[in-house]
Amino acid sequence: MIPSVLGFAGVEIEPVESDPELLAHLLRSPQNCEMLGASLTSTTMASAFFERTSSELWSSVTRIRAARLRGLILNADTDPSSLNTRVICLAEGDLDGVAFAISLFARHLFWSFPLHRLYTYLPASAVEVAEGFAGAGFQTEGRLVEHALLAGHPEDVTVLGLLRRDFDAWATANAGALALKDGA
Amino acid sequence: MSAGRVITGRRVELRPVSGEDPELQRIDEERRVGLRTAGSFQRSDTAGDGLPGSFLITDRRTGTAIGVIASDRPSENAPAELTCFIDPAVHLPGWGLEAYVLYARVLRDAGETRLRLGVLSGDRTVRRMLRALGQEPTVCLREHEWSAGQFHDVLMYEFTESAHDTVDARLSRLLKLDGDQTARAGAS
């Protein structure tokens, strides 16, 4: 759990224990459903999801706070033996700021847990979110053919990954305050 | 559906397993310290999603367990992802490939037309073999797997139906496996 609000370039992320209404709203988008790997059609199901996620190892759920952007960023599928976890970003609005939110969340994960690698799976059509991950230092690692089913149609999925050392190099070059070596 | 039956090849036999199997637990222990595995090893011990579950790979001659092979479907539309571990201390060349061919045929029998295979970047033998068969990875998960004291890239290979047929035919010739080896073994 993030101890407090983290902010950068006008975008903030804050810890959230539960916000089933926002999650259920965001999951009206088929793209977001695919990113989460779940279709939670009611706030009850969304509440159960928060409970389950918050009990997982090295997991965090945060809400994005920005002028024209809202959403949730969380991590799941953590593999403690290989020190990796999957980052999921469900957002709507002006996605220009989503890279800042993702970089804050990545910084939090690397700072708080002994993770070596973050990764995400995105439907190929989620171009703006993919640009947000790339803007936070994630590198494209390839494409899984027809991995997803969006509104009944098969779609490729792009895989992006971020290693701890990549993040530190990215932060040093782009956002010194977030660098792990010099931060805090 | 082939779940629950023993699959017999020339050198190896595939035996369906449950999580309580002591041989499986021993192999799992070897897997934690060994190199020859790939991807996040998801064992599906019960047949779910139409997949045939996990099989112990055994030496057909002695019955000794030498590895485990399994599949998983990471999302609704994804192909079956196949993972295989062979204990490097006891295996002989070709055993892993034979286990792959037999298991892939079981998946095909179960209606899986596309397969995905995760290979550790350090597994040069399998990578060379796949390259020789015209297969290139579509994804490189960088430093995704910790094994044998270091991080390894995981390379994901996608087999369409026609690519699977090509791989099956060439490996069957190489390993001198009959095309109907699985079918004949079904009665065992």
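Because the structure is a prediction, the values reported are computed rather than measured.

1. Quick notes on the packing of helix α2 (residues 95-109) of chain B against helix α4 (residues 161-175) of chain B
Residues and elements named next belong to chain B.
Here's step 1: At a minimum axis distance of 10 Å, the contact between α2 and α4 shows a crossing angle of 140 degrees. Here α4 runs oblique to α2, going by the angle between their axes. The crossing of α2 and α4 is left-handed. Within the contact between the two elements, α2 uses Leu97, Glu98, Tyr100, Val101, Ala104, Arg105 and Arg108 and α4 uses Glu161, His164, Asp165, Val167, Asp168, Leu171, Ser172 and Leu175.
Here's step 2: Considering only residue class, the contact of α2 with α4 consists of 7 nonpolar, 2 polar and 6 charged.

2. Here we look at unusual backbone geometry
Here's step 1: Phi is positive for Leu83 of chain A, close to 55 degrees, though the residue is something other than glycine.
Here's step 2: Topologically, Leu83 of chain A is positioned in the loop between β4 (69-79) and β5 (84-93).
Here's step 3: Not every positive phi belongs to a glycine, and Glu143 of chain B is a case in point at roughly 45 degrees.
Here's step 4: On the secondary structure map, Glu143 of chain B appears in strand β7 (residues 139-147).
Here's step 5: Look at Glu143 of chain B and you get buried, because its relative accessible area is 15%.

3. As for helix α4 (residues 98-112) of chain A
All names here are of chain A.
Here's step 1: Here α4 spans 21 Å end to end across 15 residues, near enough to the 21 Å set by a 1.5 Å rise per residue.
Here's step 2: With 12 of 15 residues buried, α4 lies mostly within the body of the structure.
Here's step 3: Looking at α4, one finds that the buried residues are Val98, Ala99, Ala101, Ile102, Ser103, Leu104, Phe105, Ala106, Arg107, His108, Leu109 and Phe110.

4. Considering the packing of α4 of chain A against helix α5 (residues 127-135) of chain A
Residue and element names in this part refer to chain A.
Here's step 1: Direction vectors running N to C along α4 and α5 enclose 50 degrees, while the axes themselves pass 8 Å from each other. On the basis of the axis angle, α4 is oblique to α5. Between α4 and α5 lies a crossing whose hand is right-handed. Here Val98, Ala99 and Ile102 of α4 come into contact with α5, specifically with Glu128, Gly132, Phe133 and Gly135.
Here's step 2: The residue makeup of the contact of α4 with α5, split by class, is 4 nonpolar, 2 polar and 1 charged.

5. Looking at the interface of chain A and chain B
A common way to state how big an interface is: give the accessible area lost once the parts meet.
Here's step 1: The partner chain B presents 20 residues to the 26 residues of chain A that form the contact.
Here's step 2: Counting each side, the surface lost to burial between chain A and chain B is near 1800 Å², with a carbon and sulfur contribution of 44%.
Here's step 3: Broken down residue by residue, the surface that chain A buries against chain B is led by Ser82, Glu141 and His147 of chain A, which jointly contribute 28%.
Here's step 4: Where chain A touches chain B, the interface holds 3 salt bridges.
Here's step 5: The closest approach of N and O atoms between Asp166 of chain A and Arg142 of chain B, which form a salt bridge, is 2.9 Å.
Here's step 6: For the pair chain A and chain B, the interface holds 17 residue pairs in polar contact (both at pLDDT 80 or more).
Here's step 7: Contributions of two or more residues to the side of chain A that touches chain B are made by β6 (117-123), β7 (139-150), β8 (153-163) and α6 (164-174) of chain A.
Here's step 8: Looking at the side of chain A that touches chain B, the element that brings in the most residues is β7 of chain A, giving 10 residues.
Here's step 9: Residue composition of the side of chain A that touches chain B, grouped by class: 10 nonpolar, 8 polar and 8 charged.

6. Focus on the nonpolar core
Across soluble globular proteins, nonpolar side chains show a tendency to be buried alongside one another.
Here's step 1: With 54 residues, the main nonpolar core has Leu23, Leu36, Leu118, Phe133 and Phe167 of chain A as its most contacted residues.
Here's step 2: By size, the runner-up hydrophobic cluster in this structure holds 36 residues, among which are Tyr100, Ala104, Leu107 and Leu133 of chain B.

7. Observations regarding the pairing of strand β5 (residues 80-86) of chain B
Residue and element names in this part refer to chain B.
Here's step 1: In terms of residue burial, β5 counts as a mostly covered element, since 6 of its 7 residues are buried.
Here's step 2: Both strand β4 (residues 65-72) and β5 contribute to a ladder of 6 bridges, which runs antiparallel. By the bridge assignment, Ile69 is partnered in β5 with Cys84.
Here's step 3: The sheet contact formed by β5 and strand β6 (residues 115-120) spans 3 bridges and is parallel. Of the residues in β6, the one forming a bridge with Ala80 is Leu115.

8. Considering the environment of Arg10 of chain B
Residues and elements named next belong to chain B.
Here's step 1: Note on placement: Arg10 falls in the loop between β1 (7-8) and β2 (12-16).
Here's step 2: Linking Arg10 and Ala99, residues 89 residues apart in sequence, is a C-alpha distance of 10 Å.
Here's step 3: At 3.3 Å, the side chain of Arg10 and the backbone oxygen of Leu175 are in polar contact.

9. What about the pairing of β7 of chain B?
When a strand is regular, its side chains alternate between the sheet's two faces.
Residue and element names in this part refer to chain B.
Here's step 1: For β7, a buried count of 7 out of 9 residues is recorded, marking the element as mostly surrounded by other parts of the structure.
Here's step 2: Here β7 runs beside strand β8 (residues 150-159); their pairing, made up of 6 bridges, is antiparallel. Looking at β8, one finds that Leu141 is bridged to Val154.
Here's step 3: Between β7 and the antiparallel strand that follows it, β8, lie 2 residues; Ala148 among them carries a positive phi value of about 50 degrees.

Calculation rules
The written sequence of each chain sets the order in which its residues are numbered from 1. Chains and ligands are labelled sequentially in the order written, the chains with letters from A and the ligands with numbers from 1. It should be noted that, the model being predicted, local features are given only for residues of pLDDT at least 70 and side-chain atom pairs only at 80 or more, the latter also being counted only at that level, while totals for whole chains, interfaces and linings use all residues. Excluding hydrogens and water, the side-chain values take into account all heavy atoms of the structure. Fitted lines through C-alpha atoms serve as axes, helices being fitted only where they are in contact, and the angles separating the N-to-C directions of these axes extend from 0 to 180 degrees. Strands here are runs of E lasting at least two residues and helices are runs of H or I lasting at least four, both read from the DSSP assignment and numbered beginning at the N terminus. Each angle is binned into one of four classes, with values under 35 degrees roughly parallel, values over 145 roughly antiparallel, values of 65 to 115 roughly perpendicular, and all other values oblique. For any helix crossing, the convention is left-handed if the near helix is rotated counterclockwise from the far helix by under a right angle, and right-handed if that rotation is clockwise. Whether two residues touch is decided by their heavy atoms; if any such pair falls within 4.5 Å, the residues are in contact. Amino acid classes used here: Ala, Val, Leu, Ile, Met, Phe, Trp, Tyr, Cys and Pro are nonpolar; Asp, Glu, Lys and Arg are charged; the rest, including Gly, are polar. Accessible area is worked out with a 1.4 Å probe on protein chains only. A residue is then buried under 20% of its type maximum, exposed over 50%, and partly exposed in between. One less than the number of residues in a helix, times 1.5 Å, gives the span that helix is expected to have. Buried area, as used here, totals the accessible surface that two parts lose on assembly, with accessibility defined by a 1.4 Å probe and the loss added over both. A carboxyl oxygen of Asp or Glu within 4 Å of a side-chain nitrogen of Lys or Arg is what we treat as a salt bridge. For this analysis, a polar contact is any N or O atom pair within 3.5 Å, provided that within protein one partner can donate a hydrogen and the other can accept it, and provided that sequence-adjacent residues contribute only side-chain to side-chain pairs. Residues belong to one nonpolar core when they are buried, are Ala, Val, Leu, Ile, Met, Phe, Trp, Tyr or Cys, and are joined through side-chain atoms within 4.5 Å. One bridge is not enough; two strands pair if DSSP finds at least two bridges between them.

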